[in-house]
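In case you want the letters, here they are:
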Amino acid sequence: MFDTVVIATDGSGSAERAVEAALDLAARFDATVHGLYVVDTGEVEATPEEVREALERALATTGGRALSFIREAANAEADEELVTAVREGDPADEICKYAEEHDADVIASGTRGRHGEHGFLLGSVAEELIRQASMPVLTVRQLEGDANPEREDV
């Protein structure tokens, strides 16, 4: 049923839970796994020029850690074929494009589970994926009380 699973990661706690769920899904179907990190160029461009370079380095570091987490988790499973990639642009757009280019059967993504008016106003990458993707999107919510290491070092 699933031959290709794309795991979209931002290095957050919810993304790490999504990695675990997606690797379990991929193992059940002997699917190829693609780990994808997208550098949000909109976030970079909105940053003042004097700190932009530091932000770019921090995002690259975060992406490297996030993809390393997928590699380590996949090695524990050892059955899946793993491909990793980094893209730049709008995260939801780039994830959807990547998934379509690789004929993905499902996209896995973490979500912090925002709800109510605040979540609606802010939106989220996971919500955009659900609306835009031409294939199913598996969202995995961060457990309440779990630490979220996202951007600790930024």
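Refer to the preceding data block for the structure.
Residues numbered from 1 in each chain as written. Predicted model: local features only at pLDDT ≥ 70, side-chain atom pairs only at ≥ 80, totals over all residues. Heavy atoms only, no water.

### Concerning the overall build of the protein chain
Next up, step 1: Counting secondary structure elements, the protein chain contains 6 helices and 5 strands.
Next up, step 2: Across the protein chain, helices and strands are ordered from the amino to the carboxyl terminus as β-α-β-α-α-β-α-β-α-α-β.
Next up, step 3: Buried positions account for 43% of the 154 residues belonging to the protein chain.
Next up, step 4: Once local pairs closer than 6 in sequence are excluded, the contacts in the protein chain between residues at least 24 apart make up 79%.
Next up, step 5: Taken as a whole, the protein chain presents about 8,600 Å² of accessible surface, with 46% of it coming from carbon and sulfur. (Helix = DSSP H or I, 4+ residues; strand = E, 2+ residues; numbered from the N terminus. Buried < 20%, exposed > 50% of the residue type's maximum accessible area, 1.4 Å probe, protein only. Contact = heavy atoms within 4.5 Å. Areas by Shrake-Rupley, 256 points an atom, 1.4 Å probe, with all protein chains shown as cover.)

### Quick notes on the environment of Thr139
Next up, step 1: Mapped onto the elements of the fold, Thr139 is located in strand E5 (residues 137-141).
Next up, step 2: A relative accessible area of 32% means that Thr139 is categorised as partly exposed.

### Focus on helix H1 (residues 13-29)
Next up, step 1: Helix length check: H1 (17 residues) gives 25 Å between terminal C-alpha atoms against 24 Å at 1.5 Å per residue, within 8%.
Next up, step 2: Along H1, the residues classified as buried are Gly13, Ser14, Ala15, Ala18, Val19, Ala22, Leu23, Leu25 and Ala26.
Next up, step 3: Trailing H1 by a residue or two, Asp30 shows a phi angle of about 55°, which is positive. (Expected span 1.5 Å × (residues − 1).)

### Looking at unusual backbone geometry
Next up, step 1: Even without being a glycine, Asp30 presents a positive backbone phi close to 55°.
Next up, step 2: Tracing the chain through its elements places Asp30 in the loop between H1 and strand E2 (32-40).
Next up, step 3: By relative accessible area, which is 61% here, Asp30 ends up exposed.
Next up, step 4: The backbone phi angle of Asp103 is positive, close to 50°, even though this residue is not glycine.
Next up, step 5: Counting through the fold element by element, Asp103 comes out in the loop between helix H4 (91-101) and strand E4 (106-111).

### With respect to the nonpolar core
Next up, step 1: The biggest cluster of nonpolar side chains holds 22 residues, and the ones touching the most others in it are Val5, Ile7, Val19, Leu23, Tyr37 and Leu59.
Next up, step 2: Broken down by secondary-structure element, the contributors of at least two residues to this core are strand E1 (4-9), H1, E2, helix H3 (49-77) and E4.
Next up, step 3: If one sorts the elements of this core by residue count, H3 sits on top with 7 residues. (Core = buried A, V, L, I, M, F, W, Y, C linked by side-chain atoms within 4.5 Å.)

### A word on the pairing of E1
Next up, step 1: Judged by how many residues are buried, E1 sits mostly within the fold: 6 of 6 residues are covered.
Next up, step 2: With 6 bridges connecting them, E1 and E2 associate as parallel partners. The residue bridging Thr9 from the neighbouring strand is Tyr37, located in E2.
Next up, step 3: A crossover connection joins E1 to the parallel E2 through H1; in handedness this β-α-β unit is right-handed.
Next up, step 4: Pairing geometry for E1 and E4, over 4 bridges, is parallel. Each bridged residue has a counterpart across the sheet, and for Val5 the counterpart in E4 is Val106. (Pairing = 2+ DSSP bridges. Right-handed = clockwise from strand over helix to strand, strands pointing away.)

### Comments concerning the side chain of Arg87
Next up, step 1: Residue placement: Arg87 occurs in strand E3 (residues 82-89).
Next up, step 2: There is a polar contact of 2.4 Å between the side chain of Arg87 and the side chain of Glu101.
Next up, step 3: In this structure, Arg87 is in contact with Leu36, Tyr37, Val38, Val39, Glu94, Lys97, Tyr98, Glu101 and His102, ignoring residues within four places of it in sequence. (Polar contact = N/O pair within 3.5 Å; in protein donor to acceptor, adjacent residues only side chain to side chain.)

### Section: H4
Next up, step 1: Inspection of H4 places Pro91, Ala92, Glu94, Ile95, Cys96, Tyr98 and Ala99 among the buried residues, and these make up the whole buried set.
Next up, step 2: If you follow the buried residues of H4, they end up packed against E1, E2, E3, E4 and helix H6 (125-132).
Next up, step 3: Just past H4, the residue Asp103 takes up positive phi, approximately 50°.

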